[in-house]
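One-letter residues, chain by chain:
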Amino acid sequence: GGTMDEKEIIETDIWTLYNKSVMYARKNNYFTDVDRCNNFYNGDQWEGLLIEGIEPVQLNFIQPIVNYKVNRITKNLRAINYSADNVEGTEFRATSKKVCDLFNQRAARVWERDQLDHKIKKIVRQSAINGESVLYITYNEEQKDPENEVLNKLDIYYENENEPDIQRQAYILAKQRMSVYEAKKLAREYEVEEKKLDYIIGDEDTLEEAGESAKDEVSNMVTVVTKFYKKDDTIHFSKGTRYCTICEDKDMGITLYPFAHMLWSEKEGSARGEGEVRTIIPAQIEVNKTSMRRLLTAKNIAYPQKVYNK
């Protein structure tokens, strides 16, 4: 769009808030920590190493520790169970038992369709590696069922980064990367004027994406931020990109934020918790270095060296 006047382009309010959160996260090393923890878990433990004459070896003990703990927690499958056992009085008990049976069937169907066992495993593993994992619950209008999406901890920002109880936040920001085409389609669904769609511009803002692979994108992508906030006892949301407001203020008609998060272990004064990996990285590095030194020593002294007097 060559028609856009430079002066017209101003950042949306939602972007200003988002930017503030990103600055805080950067100052507190969220981005580097998440990438580093993922790398160490996945066995990429020699990033940036320059060495000649010997292969960089590693004895990855981080992955087995995380996998063992995650498997211990997730080996029992879970289910939602409604029970009428605590109902007083007999005449209502038969009815309530029937109702509970129907609820159980429905819960089992939702659980199966949404692959919740698989998602629970993913959440537990993510929080073990990074301290926190987030579940975002939406509602599928066609199927009349809830749907759960697992978000990375870098996809969500809190008004108060020191408060682990999500429901006490004044607002929560959730961010998605989507193609410019998808973002414009979304804006049309919210009836944004056509001329404003020119403000949805692709960008290269991938530094805030979790994981090395996510920093390299194929199509023209843009960041869309959604702000969830409490207003008149219900949760409202607004949505926008950096220069385009997609939706101003919509009442969701629910009383709790549609998020649940799992902290691997509580960390005083942090909404994000502490995982299994970050604190044992120094030990992993030392183990790897020791293995390298052993190999170098063996290489240098295990075989006879030719010496001659020239």
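Bear in mind that the values here come from a model prediction, so they are computed numbers and not experimental data.

Each value, and the rule that gives it
- Residue numbers restart at each chain and count upward from 1, following the sequence in its written direction.
- Totals for whole chains, interfaces and linings use all residues, but because this is a predicted model, local features are given only for residues with pLDDT of at least 70 and pairs of side-chain atoms are given and counted only at 80 or more.
- Values shown for side chains rest on all heavy atoms present in the structure; no hydrogens or waters enter the calculation.
- Runs of H or I in DSSP of at least four residues are treated as helices and runs of E of at least two as strands, each being numbered from the N terminus.
- A 1.4 Å probe rolled over the protein chains alone gives each residue an accessible area, and that area as a share of the maximum for its type sets the label: buried under 20%, exposed over 50%, partly exposed in between.
- Here a strand pair is declared whenever DSSP counts at least two bridges between the two strands.
- Only the stretch in contact is used when fitting a helix axis, every axis being a line fitted to C-alpha atoms; angles between N-to-C directions are given from 0 to 180 degrees.
- Nine residue types can take part in a nonpolar core, namely buried Ala, Val, Leu, Ile, Met, Phe, Trp, Tyr and Cys, and a core is a set of them joined through side-chain atoms within 4.5 Å.
- Residue contacts are defined here by distance: any two heavy atoms, one from each residue, within 4.5 Å place the two residues in contact.

Caption draft 1: Fine view of unusual backbone geometry. Residues other than glycine seldom take positive phi values, yet E191 does so here, at roughly 60°. Its location among the elements puts E191 in the loop between α6 (180–189) and β5 (221–231). Not every positive phi belongs to a glycine, and D233 is a case in point at roughly 70°. Structurally, D233 can be placed in the loop between β5 and β6 (234–240). By relative accessible area, D233 is classed as exposed at 71%.

Caption draft 2: Spotlight on the sheet that holds strand β8 (residues 259–263). The strand order β2-β1-β8 describes an open sheet built from three strands, whose pairing is antiparallel. Across the chains shown, the open sheet's two edge strands, defined by having one partner strand only, are β2 (145–151) and β8. Strand-to-strand twist across the sheet, computed as the mean angle between neighbouring axes with direction ignored, equals 25°. Two strands pair when backbone bridges link them, and strand β1 (residues 132–140) and β2 are joined in this way by seven bridges, in the antiparallel orientation. Looking at β2, one finds that N140 is bridged to D145.

Caption draft 3: Local environment of the pairing of β5. In terms of burial, β5 is a largely internal element, eight of the eleven residues being buried. By the bridge criterion, nine bridges tie strand β4 (residues 171–179) to β5 in an arrangement that is antiparallel. By the bridge assignment, Q176 is partnered in β5 with V224. The sheet contact formed by β5 and β6 spans seven bridges and is antiparallel. What sits directly across from V225, in β6, is G240. Where β5 folds back on β6, the antiparallel hairpin that results is connected by two residues, among which D232 adopts a positive phi of roughly 50°.

Caption draft 4: Spotlight on the nonpolar core. Judged by nonpolar contacts, the single largest core of 28 residues is most densely connected at Y158, I172, I200, F228, Y257 and F259. Among the secondary structure elements, those contributing two or more residues to this core are β1, β3 (156–158), β4, α6, β5, β6 and β7 (245–251). For this core, the element with the highest residue contribution is α6, accounting for four residues. Excluding its chain neighbours within four sequence positions, the residues that come into contact with F259 are V134, L135, Y136, I137, L151, I156, I166, Q167, I172, A174 and F228.

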